[in-house]
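Close look at the chain arrangement
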Amino acid sequence: MDFRCHFVVVFSLNKTENEVFMRYLTSIALSILVSTAALAKPQVSITLPANASSPEQIAAKELAQFLQAIYPETEFGLNTGNAGKIIRIGTPASSPDLLKHVNGSRLGGPESYVVTNATIDNVETGIILGADPQGVMYGVYALLEKLDCGFFISFDTLPQPSGKPFNFEAWSLENHPATPIRIVFNWHNFLSGCSGWDLEQWTNWVDQSQKAGFNTIMVHAYGNNPMFSFTFNGKEKPVGYLTCSVKGRDWSVNHVNDVRRLAGGSVFDKPTFGSSAALAPDEKRVQAATELMQKTFEHARKRGVKINFAVDFDIASCNPESLVKTLDQADRFLVNGIWIARPDTPAGYEFYKAQARAMAENYPQVTTVSLWRRSDGHSGATWPSLRKKEMPESWQKEYDALIQQDPSAANLKQSVPAFGIAKVAAAWRKALDELGRKDMGLAVGSWGFEWVDGCAKFLPEPVKLIALDYNVTHGPGEFRNPATMQRLDRAVQPGRFMPVIWAHHDDGQYIGAPLRLYRNLGGELSKYHTGGFGIIHWMTHPLDLFFASHSRQTWSATLDESPAGTAKWMAGRCFGAANSEVMGHYLDAWASTMPFFGRETSDFFIDRPMNSFGNPEKVKKGCEDRLALLARADLSKMTEPQRNRHHYFAENEKFVSDFFKTETTFEQAKAAFGKKNMDLARKLMDECHPEALLERYAEMARRAGITRGEEGLIVSMNCRWIPHHVRFRQQLGIEPVRYNYGTTSHDHLAQAMGAFTFHASPDRKLWQTFGQRETGSEVFTTHISGDGLTNEICAQGIQGSKPITISFAPILAQGSRAGLKREPLPAGEYRLTLFLVEPNAGNAGERVMRIELPGGKTEEIDVFKAAGGRNIPLVLEYSVKQEEPGNPS
């Protein structure tokens with residue numbers, strides 16, 4: 001549109017005013033021209049069929065958003081009618097007329113797509129045709145990736161606006177998955193995993209998993225997890241807590257009062273870390289956790305993402321005695337000392353149907369239920385440890401008859417347990433069918449591969465078998481072992497078995513780089529006739545290359561793409577085309593040579609010598625070599641987000657190098673201490689600054705866009721790594737021992753329950769907190785006005801009429817699952833500071849405290865009188881001399 005304005009201006013002004021006024025008129029004219037130009041933007045209509053499914057609608061909306069960012073000079077709208085160009089989105093079912101312009105044979109089965117263009121009714125038209133709604137989604141993301149967008153498990157990238165008019169030049173691609181089921185599997189338990197997520201993180205995980213080429217999300221609930229509960233015979237299944245910084249204790253999670261006061265705590269804006277559901281009142285924890293997952297699963301359903309819910313079924317928390325014992329003895333039996341409901345008697349079957357009903361009613365979006373069991377030999381396992389003599393007599397006869405028909409079945413690993421597990425699976429299948437959920441699939445899953453062929457023999461064929469390749473932490477893993485895979489290929493029906501690989505490992509290979517990338521993944525999955533594969537993880541960043549590589553290897557157009565090829569592809573999207581070569585080389589080197597280390601499942605973040613993760617000198621040299629690669633990148637050709645990603649990798653290299661140096665020096669200091677060389681031990685500890693390292697970690701993560709997993713790891717390392725340095729500094733007498741008394745929270749149903757509670761003071765010092773469980777004394781909370789350390793410490797405490805003995809030893813001296821010993825303090829002269837307060841109303845003389853100090857000193861204190869009243873802190877200091885190393889009380 002040509003729009004012209006004519007101005008007639010009459011004025012009598014001096015020269016300066018004249019110039020100002022003319023500039024003003026010029027700005028008006030420019031504004032009108034800009035507005036006119038905006039109206040003249042070319043229009044592109046993204047057109048949906050009238051019966052478009054939810055995934056098709058979402059795909060169209062996201063396509064419009066991304067294209068608008070890539071081509072800002074073009075206007076993209078949904079079903080806008082008259083436009084210069086049109087984009088048609090659909091499937092053969094929703095848009096059959098598109099088959100006139102796209103040969104349907106080009107679609108390669110479920111989730112496949114074709115992207116092309118044609119002239120339809122004299123209008124240039126782009127076509128994204130999916131075999132099904134999911135295929136439409138993948139077609140949209142594939143097109144956007146061809147336009148240099150990047151979709152990763154923790155973030156998206158956008159190219160610089162092209163500056164060119166929108167066109168259909170890149171619109172020529174087609175693809176289909178070579179692997180039908182592609183699972184992203186997150187596991188409830190750690191602060192750094194999905195237990196710390198709110199709905200925003202959950203839905204983002206769903207979105208990013210799909211964008212990255214996966215089609216199934218999988219979550220796991222231990223028996224204590226409040227996200228899955230049920231009622232049987234009028235009794236509700238007991239549950240524990242979702243993990244957060246003040247509740248929940250799975251796998252040695254420790255608690256702390258205020259995460260903002262920890263090293264790196266500046267990334268937090270509130271004192272507690274965890275999901276809103278985890279922080280809900282105790283009486284609402286089941287409702288809160290259930291509603292969170294309902295919303296997550298509904299979000300996934302609308303996008304066409306499949307949902308696999310893995311629920312434990314074989315440990316005590318899944319078979320609560322209070323529920324199982326409501327059954328007659330004929331309907332239950334003992335396995336490994338735990339009562340189990342019989343799935344094959346009418347009354348026992350109802351126990352399993354109650355669980356199936358809760359699943360179907362609470363989570364109707366679930367497409368597969370995975371019955372998850374502990375590995376063979378686990379102390380708390382039931383079904384995996386089932387012995388023939390424990391089975392009901394009728395089962396023993398049935399088992400013997402089956403073995404008589406096929407004697408080789410008796411030699412299968414887990415033969416008897418598999419026979420019993422088949423009974424549970426049959427009960428679940430029957431229950432789901434009776435509840436009208438024949439569409440809800442069933443699977444059995446566990447750690448390792450040894451159990452798979454036994455279950456393949458006894459379980460009905462529709463039941464899928466999902467195995468975590470746990471042993472990858474001890475070597476190449478079972479999926480990389482041809483002998484293992486050939487055995488399973490012979491024993492398991494095609495399409496039934498699905499291995500799950502690890503992006504990182506919670507038992508010792510958690511941070512640094514991801515675990516090593518697989519090669520020829522798609523070909524191997526096909527070779528051994530698997531039904532799909534999964535990736536287990538907790539954190540998302542920096543695991544993006546791991547997910548991208550293995551996803552691309554399982555699609556036909558990029559089948560078995562090399563890790564180096566994926567690294568270059570990713571680098572182009574994360575650092576720009578000008579740096580794709582050098583940064584691709586870096587990412588490949590990073591993924592294949594950087595060490596991985598750290599553990600999330602014990603009282604120790606580092607539970608073994610650092611040289612077991614890599615020779616410290618070689619690690620340092622490797623970090624320096626990779627930093628040299630990073631230095632070759634041209635930062636001037638990067639956008640700010642790209643420079644921030646570059647900065648992240650550079651700082652991470654320095655962090656890893658310094659972590660190895662710090663922890664190796666720590667080991668040397670402990671070795672010197674063991675040889676009674678206190679001076680050397682203290683000198684070495686002067687070189688260890690783990691708190692400063694965590695500050696750096698937090699800053700590098702923040703600058704790159706910190707994820708909830710990285711936030712959780714900061715809390716975890718502060719509570720499971722830093723305390724061991726504090727403890728040793730206390731052993732050396734170079735840091736005070738600080739005890740605080742107050743409320744502590746415990747989750748007795750938790751797996752490997754965490755033991756410790758910490759108090760981070762305003763000066764960022766770490767105190768260990770002891771409560772009623774730890775001391776046997778009553779905890780009180782009182783109000784003390786005013787701020788300051790003394791008032792904060794005195795706001796809670798312990799009280800009682802019986803003597804309370806406090807043994808002064810370095811922190812972590814009791815309650816550790818790892819069996820930490822009570823270490824002595826070195827000989828020397830100490831200052832003992834006691835913080836006292838009288839919280840109760842009363843008068844002077846009513847409550848007198850007798851203090852007995854080491855060395856026989858005694859003193860009687862009327863705290864009310866000495867402090868000057870109730871709720872007024874009293875601070876006492878004493879000098880205590882210790883001739884020999886020990887723990888004065």
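A quick note: this is a predicted structure, and the numbers were derived from the prediction, not measured.

In this section: unusual backbone geometry. Cis rather than trans, the peptide bond between histidine 541 and proline 542 has omega equal to 10°. Mapped onto the fold, proline 542 is located in the loop between strand 22 (532–537) and helix 13 (544–552). Backbone geometry at asparagine 79 places phi at a positive 50°, although glycine is not the residue there. Checked against the element boundaries, asparagine 79 lands in the loop between strand 2 (75–78) and strand 3 (85–90). Accessibility expressed as a relative area gives 45% for asparagine 79, which makes it partly exposed. In this model, histidine 529 sits at a positive phi of 55°, which is unusual for a non-glycine residue. Take histidine 529: it is sitting in the loop between helix 12 (521–527) and strand 22. Residue histidine 529 is classed as partly exposed on the basis of its relative accessible area, which comes to 41%.

Attention shifts here to helix 3 (residues 133–146). Taking 1.5 Å per residue, 14 residues should reach 20 Å; helix 3 reaches 20 Å between its end C-alpha atoms and fits that length. Of all 14 residues that make up helix 3, twelve are buried, and the element is covered over most of its length. The positive-phi residue at the C-terminal boundary of helix 3 is aspartate 148, with phi of around 80°.

With that settled, the discussion passes to the pairing of strand 32 (residues 874–882). Of the two faces of strand 32, the one holding Leu874, Leu876, Tyr878, Val880 and Gln882 is buried and the one holding Val875, Glu877, Ser879 and Lys881 is not buried anywhere. Where strand 29 (residues 828–836) lies against strand 32, nine bridges are found, and the strand directions are antiparallel. In the strand pairing of strand 32, threonine 833 is matched with glutamate 877.

Turning next to the packing of aromatic side chains. Scanning the model with the defined rule gives 66 aromatic pairs in all. Taking the centre distance of 5.8 Å and the plane angle of 65° together, the rings of phenylalanine 268 and phenylalanine 273 count as edge-to-face. Consider the rings of tyrosine 739 and phenylalanine 770, whose centres lie 5.1 Å apart with planes at 85°: the pair is edge-to-face. Taken together, the positions of tyrosine 739 in strand 24 (residues 739–741) and phenylalanine 770 in strand 26 (residues 766–770) put the pair 31 residues apart, joining distant regions of the chain. Neither residue differs from the other here; tyrosine 739 and phenylalanine 770 are each classed as buried. Ring pairs connect the aromatic residues Phe228, Phe230, Phe232, Phe297, Phe309, Phe351, Tyr352 and Tyr363, which therefore count as one cluster. In this structure, arginine 552 packs its charged tip against the face of tryptophan 569, placed 4.1 Å from the ring centre.

The next subject is the side chain of asparagine 644. Structurally, asparagine 644 is set in helix 17 (residues 640–674). In contact with asparagine 644, not counting residues within four places along its chain, are Arg703 and Ala704.

Attention shifts here to the nonpolar core. With 212 residues, the main nonpolar core has Phe309, Met359, Trp383, Trp428, Leu587 and Phe659 as its most contacted residues. In terms of residue count, helix 9 (residues 415–434) provides more of this core than any other element does, eleven residues in total. Setting aside residues up to four positions removed in sequence, phenylalanine 309 forms contacts with Val219, Ala221, Met227, Phe228, Phe297, Met359, Tyr363, Val366, Thr368, Val369 and Ser370.

What follows is about the sheet that holds strand 4 (residues 113–120). With mixed pairing, six strands are arranged side by side in an open sheet as 2-1-3-5-4-8. The outermost strands of the open sheet, each flanked by one partner alone, are strand 2 and strand 8 (173–175). Going across the sheet, the axis of each strand differs from the next one's by a mean of 20°, ignoring polarity. Where strand 4 meets strand 5 (residues 123–130), eight bridges bridge the pair, whose relative direction is antiparallel. By the bridge assignment for strand 5, valine 115 is matched with isoleucine 128. Relative to the sheet, helix 2 (residues 54–70) contacts strand 1 (43–47), strand 2, strand 3 and strand 5, its axis offset from that of strand 2 by approximately 170°.

In this section: helix 20 (residues 708–720). Over its 13 residues, helix 20 runs 18 Å from end to end, which matches the ideal 18 Å to within 8%, given 1.5 Å per residue. Of all 13 residues in helix 20, 13 are buried; the element is thus mostly enclosed.

What follows is about the sheet that holds strand 19 (residues 464–468). Taken in spatial order, the eight strands close into a barrel running 9-10-14-17-18-19-20-22, and their pairing is parallel. Strand-to-strand twist of the sheet, defined as the mean angle between neighbouring strand axes without regard to direction, takes the value 25°. Bridge count for strand 14 (residues 306–312) against strand 17 (residues 368–372) is five bridges, and the pairing is parallel. The partner of alanine 310 across the bridge, within strand 17, is serine 370.

Scanning the model with the defined rule gives 47 salt bridges in all. Between glutamate 792 and arginine 261 there is a salt bridge; the shortest N-O distance is 2.6 Å. A residue pair is termed long-range when its members are at least 10 positions apart, and glutamate 792 in helix 23 (residues 789–794) and arginine 261 in the loop between strand 13 (255–256) and helix 5 (285–302) qualify at 531 residues. In this structure, arginine 599 and aspartate 607 form a salt bridge, with 2.6 Å as the shortest nitrogen-oxygen distance. Connected through salt bridges with shared partners, the residues Asp258, Arg260, Arg261 and Glu792 form a single ionic network.

Another aspect to go through is the pairing of strand 20 (residues 497–502). Along strand 20, six of the six residues are buried, which leaves the element largely enclosed by surrounding structure. Both faces of strand 20 are covered, namely the face carrying Phe497, Pro499 and Ile501 and the face carrying Met498, Val500 and Trp502. Relative to strand 20, strand 19 runs parallel, the two being bridged by four bridges. When the bridges of strand 20 are listed, leucine 465 appears paired with phenylalanine 497. With respect to chirality, the unit in which strand 19 leads through helix 11 (residues 482–491) into the neighbouring parallel strand 20 is right-handed. Where strand 20 lies against strand 22, three bridges are found, and the strand directions are parallel. Pairing of isoleucine 501 across the sheet is with isoleucine 535, part of strand 22.

Turning next to the packing of helix 15 (residues 580–593) against helix 16 (residues 616–631). Remark: helix 15 packs on helix 16, axes separated minimally by 9 Å, with the N-to-C direction vectors making an angle of 165°. By the angle class used here, helix 15 and helix 16 are roughly antiparallel. Along this stretch, helix 15 crosses helix 16, giving a crossing that reads as left-handed. Mapping the contact onto sequence places Val582, Met583, His585, Tyr586, Ala589, Trp590 and Thr593 in helix 15 and Arg626, Leu629 and Leu630 in helix 16. Looking at the contact of helix 15 with helix 16, its residues break down into seven nonpolar, two polar and one charged.

Along the polypeptide, aspartate 312 turns up in strand 14. No salt bridge is formed by the buried aspartate 312; the nearest opposite charge belongs to arginine 374, separated by 5.0 Å. The contacts of aspartate 312, once residues within four sequence positions are left out, are His220, Ala221, Tyr222, Gly223, Cys318 and Trp372.

At a minimum axis separation of 8 Å, helix 14 (residues 563–575) and helix 17 run at an interaxial angle of 125°. Judged by the angle between their axes, helix 14 and helix 17 are oblique. Contact residues: Arg573, Cys574 and Phe575 in helix 14; Gln642, Arg645, His646 and Phe649 in helix 17. Residue composition of the contact of helix 14 with helix 17, grouped by class: three nonpolar, two polar and two charged.

As a further point, take the environment of proline 177. Take proline 177: it is sitting in the loop between strand 8 and strand 9 (181–187). Overall, the relative accessible area of 14% leaves proline 177 in the buried class. Expressed as a C-alpha distance, the spacing of proline 177 and lysine 211, which sit 34 residues apart in the sequence, is 14 Å. Those residues in contact with proline 177 that lie beyond four places of it in its chain are Pro110, Glu111, Ser112, Arg182, Thr554 and Trp555.

On to the confidence of the model for the chain. In the predicted model, the chain carries a mean pLDDT of 92, and 95% of its residues have values of at least 70. Note on residues 1–38: pLDDT is under 50 here. Beyond four places in sequence and across chains, it has ten contacts.

Rules used throughout
- Residues numbered from 1 in each chain as written.
- Predicted model: local features only at pLDDT ≥ 70, side-chain atom pairs only at ≥ 80, totals over all residues.
- Heavy atoms only, no water.
- Helix = DSSP H or I, 4+ residues; strand = E, 2+ residues; numbered from the N terminus.
- Buried < 20%, exposed > 50% of the residue type's maximum accessible area, 1.4 Å probe, protein only.
- Expected span 1.5 Å × (residues − 1).
- Pairing = 2+ DSSP bridges.
- Phe/Tyr/Trp six-rings, centres within 6.5 Å; stacked < 30°, edge-to-face > 60°.
- Lys NZ or Arg CZ within 6 Å of the ring centre and 35° of its normal.
- Contact = heavy atoms within 4.5 Å.
- Core = buried A, V, L, I, M, F, W, Y, C linked by side-chain atoms within 4.5 Å.
- Axes fitted to C-alpha atoms, helices over the stretch in contact; angles between N-to-C directions.
- Salt bridge = Lys/Arg side-chain N within 4 Å of Asp/Glu carboxyl O.
- Right-handed = clockwise from strand over helix to strand, strands pointing away.
- Parallel < 35°, antiparallel > 145°, perpendicular 65-115°, else oblique.
- Left-handed = near helix turned anticlockwise from the far one by under 90°.
- Nonpolar A, V, L, I, M, F, W, Y, C, P; charged D, E, K, R; others polar.
- Lys, Arg positive; Asp, Glu negative; His and termini not counted.
- pLDDT = per-residue confidence, 0-100.

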